[in-house]
Amino acid sequence: LIRDLMDKLIHIFAQGLSNSSYPVPQEAIGVGSAFEGWSPQAQDLVYHVLVPLSPPPGHAFHVELDTAGMLQRNLCVCVGLLCTCTREQLGQDMLCFLHHPEDKLRRKQEPSLLHTLCTGTYLDVEKTVQWFHQFLRVAWLLLPQSHCWRFMVQPSSHSCKFRLSRDEESFTAEIIFAVHQGDSDIFVGSQPAEVGLPNTTWLETYAMAKAKFYSHISRQAPQDSWHCKCLQLLSRFLMGSALSCYALKTVVMHLLSTRPPTHWPREDFQHRLMDILKYLHCSLEAKQLHHFVIGNERFPADINLPSSFWLSQPPNLFQHLASNPDAHTKALQDYVHLPHL
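Residues numbered from 1 in each chain as written. Predicted model: local features only at pLDDT ≥ 70, side-chain atom pairs only at ≥ 80, totals over all residues. Heavy atoms only, no water.

## Observations regarding the UniProt feature "domain: Mab-21-like HhH/H2TH-like" (unreviewed entry) in the protein
And step 1. When the UniProt feature table is mapped onto this chain numbering, "domain: Mab-21-like HhH/H2TH-like" (unreviewed entry) sits at residues 241-294.
And step 2. For the annotated span residues 241-294, helix accounts for 59% and strand for 0% of the residues, and the straight-line distance between the end C-alpha atoms is 26 Å. (UniProt positions renumbered as here; feature names shortened; annotations may be inferred. Helix = DSSP H or I, 4+ residues; strand = E, 2+ residues; numbered from the N terminus.)

## Quick look at the packing of helix H7 (residues 227-238) against helix H9 (residues 269-286)
And step 1. Two elements in contact, H7 and H9, have axes whose closest approach is 10 Å; the angle formed by their N-to-C orientations is 60°. As summarised for this structure, H7 and H9 are arranged oblique, according to the angle between their axes. Of the two possible hands of crossing, H7 and H9 adopt the one that is right-handed. Of the residues in H9, those in contact with Lys229, Cys230, Leu233 and Leu234 of H7 are Phe269, Arg272, Leu273, Ile276 and Leu277.
And step 2. Class assignment for the residues of the contact of H7 with H9 results in 7 nonpolar, no polar and 2 charged. (Axes fitted to C-alpha atoms, helices over the stretch in contact; angles between N-to-C directions. Parallel < 35°, antiparallel > 145°, perpendicular 65-115°, else oblique. Left-handed = near helix turned anticlockwise from the far one by under 90°. Contact = heavy atoms within 4.5 Å. Nonpolar A, V, L, I, M, F, W, Y, C, P; charged D, E, K, R; others polar.)

## Concerning the side chain of Glu174
And step 1. Within the secondary structure, Glu174 sits in strand E10 (residues 169-180).
And step 2. Nearest to the buried, unbridged Glu174 among oppositely charged side chains is Lys161, at 4.4 Å.
And step 3. Separated by 3.1 Å, the side chains of Glu174 and His48 make a polar contact.
And step 4. A distance of 2.6 Å separates the side chain of Glu174 from the side chain of Ser159, its partner in a polar contact.
And step 5. Beyond its immediate sequence surroundings of up to four residues, Glu174 is in contact with Val46, Tyr47, His48, Val49, Ser159, Cys160 and Lys161. (Buried < 20%, exposed > 50% of the residue type's maximum accessible area, 1.4 Å probe, protein only. Lys, Arg positive; Asp, Glu negative; His and termini not counted. Salt bridge = Lys/Arg side-chain N within 4 Å of Asp/Glu carboxyl O. Polar contact = N/O pair within 3.5 Å; in protein donor to acceptor, adjacent residues only side chain to side chain.)

## Details of the packing of H9 against helix H12 (residues 325-336)
And step 1. For the pair H9 and H12, the least separation of the axes is 10 Å and the interaxial angle reads 160°. Considering their axes alone, H9 and H12 lie roughly antiparallel with respect to each other. By crossing handedness, the relation of H9 to H12 is classed as left-handed. On H12, the residues touching Leu277, Lys278, Leu280, His281, Leu284 and Glu285 of H9 are His328, Ala331, Leu332 and Tyr335.
And step 2. Looking at the contact of H9 with H12, its residues break down into 6 nonpolar, 2 polar and 2 charged.

## Structural notes on the pattern of salt bridges
Once their charged atoms are close, side chains differing in charge can pair, the charge on each being opposite to the other.
And step 1. Under the defined criterion, the tally for this structure stands at 9 salt bridges.
And step 2. Here Glu204 makes a salt bridge to Arg73, at a shortest N to O gap of 2.7 Å. Here Glu204 is found in strand E12 (residues 202-205), whereas its partner Arg73 is found in the loop between strand E4 (59-67) and strand E5 (74-81), with 131 residues between them in sequence.
And step 3. In this structure, the salt-bridge partner of Lys212 is Asp185, at a minimum N-O distance of 3.1 Å. Residue Lys212 is found in helix H6 (residues 207-220), and its partner Asp185 is found in the loop between E10 and strand E11 (187-189); the two are separated by 27 residues along the sequence.
And step 4. Given the relative accessible area of 32%, Lys212 is considered partly exposed.

## A look at the side chain of His227
And step 1. Along the chain, the position of His227 falls in helix H7.
And step 2. Reaching out from His227, the side chain makes a polar contact with the side chain of Ser225 at a distance of 2.6 Å.
And step 3. Not counting the four nearest positions on each side in its chain, His227 is found in contact with Tyr214, Ile217, Ala221, Leu256 and Trp264.

## Points about the packing of aromatic side chains
And step 1. The tally for this structure, following the rule as stated, stands at 17 aromatic pairs.
And step 2. Ring geometry for Phe213 and Phe299: centres 6.2 Å apart, planes at 25°, overall stacked. Taken together, the positions of Phe213 in helix H6 and Phe299 in the loop between H9 and helix H10 (307-311) put the pair 86 residues apart, joining distant regions of the chain. By the burial criterion, Phe213 is buried, and Phe299 matches it.
And step 3. Joined through ring pairs, the aromatic side chains of Phe13, Tyr22, Trp131, Phe132, Phe135 and Phe177 make up one cluster.
And step 4. In this arrangement the basic side chain of Lys229 is found over the ring face of Trp226, its NZ or CZ atom lying 5.1 Å from the centre. (Phe/Tyr/Trp six-rings, centres within 6.5 Å; stacked < 30°, edge-to-face > 60°. Lys NZ or Arg CZ within 6 Å of the ring centre and 35° of its normal.)

Put into structure tokens, the structure is as follows:
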């Protein structure tokens, strides 16, 4: 349902924005636990979709480093103008933003992206989300699903979240807007940033690369592989604890890199659970859990990463435990309460 809905929405957006000065949404990409098959909760499940944005005609996106974070870098999307005089000469109905007087542009053409969704020369996250919200409400009325599903947009300043309900069924989807970093599988996304950061700050996201990793594993795994069930079971026990599903997923991905998917059949379920728990415990004791994408020599070469990722030192996901003894003690206590089979 979510995939079909997103395909139809993107088609409507593409038609309506083909000759506009607004970003053009590309094909949505399902990311996260719901699409990877290990969601820890059946109820209140949120389907996260990554929607890449392409620059409109006459514009270009350039990703710039804002500040270097330990786990996720803060970046900005700089918007530049391109010469479109050639298109104009070919009879296409578009004036060049660079080489036409402003008064003529104002009379004959809608403003450039710099004057609508940007703050200065940088793409603004909140303005982009608000614009998409407005378009989404109109686009929904054009969809066949609007006749049988109740649609409700939920408040969010850094993503577009909506809920569909019909009788006793309900689904929640969250759209994260993203801009490509070059031609890699790494994006900058519109996830909520740290308090105090400007609205022009986008966060580096590895969701696409991780989704591709799970697809890579699924292609190799036999039908009886239980690697997702291991992750699903343990993640349910983590709810409300100081240990995050993100850390647990990182542990499982590291193990999937060293133990082939053929080593995760149903009859070895208990052994693999023990492997995960041992790896997690050793990481907690050492206060060190390496990032899975950055600096990982075992990461599949067919997933396109920036060259700098292969050469970088992997960030430590447990750095906060090394600098906060109380947090470390709490994490160890929560680990003790996990099921040890």
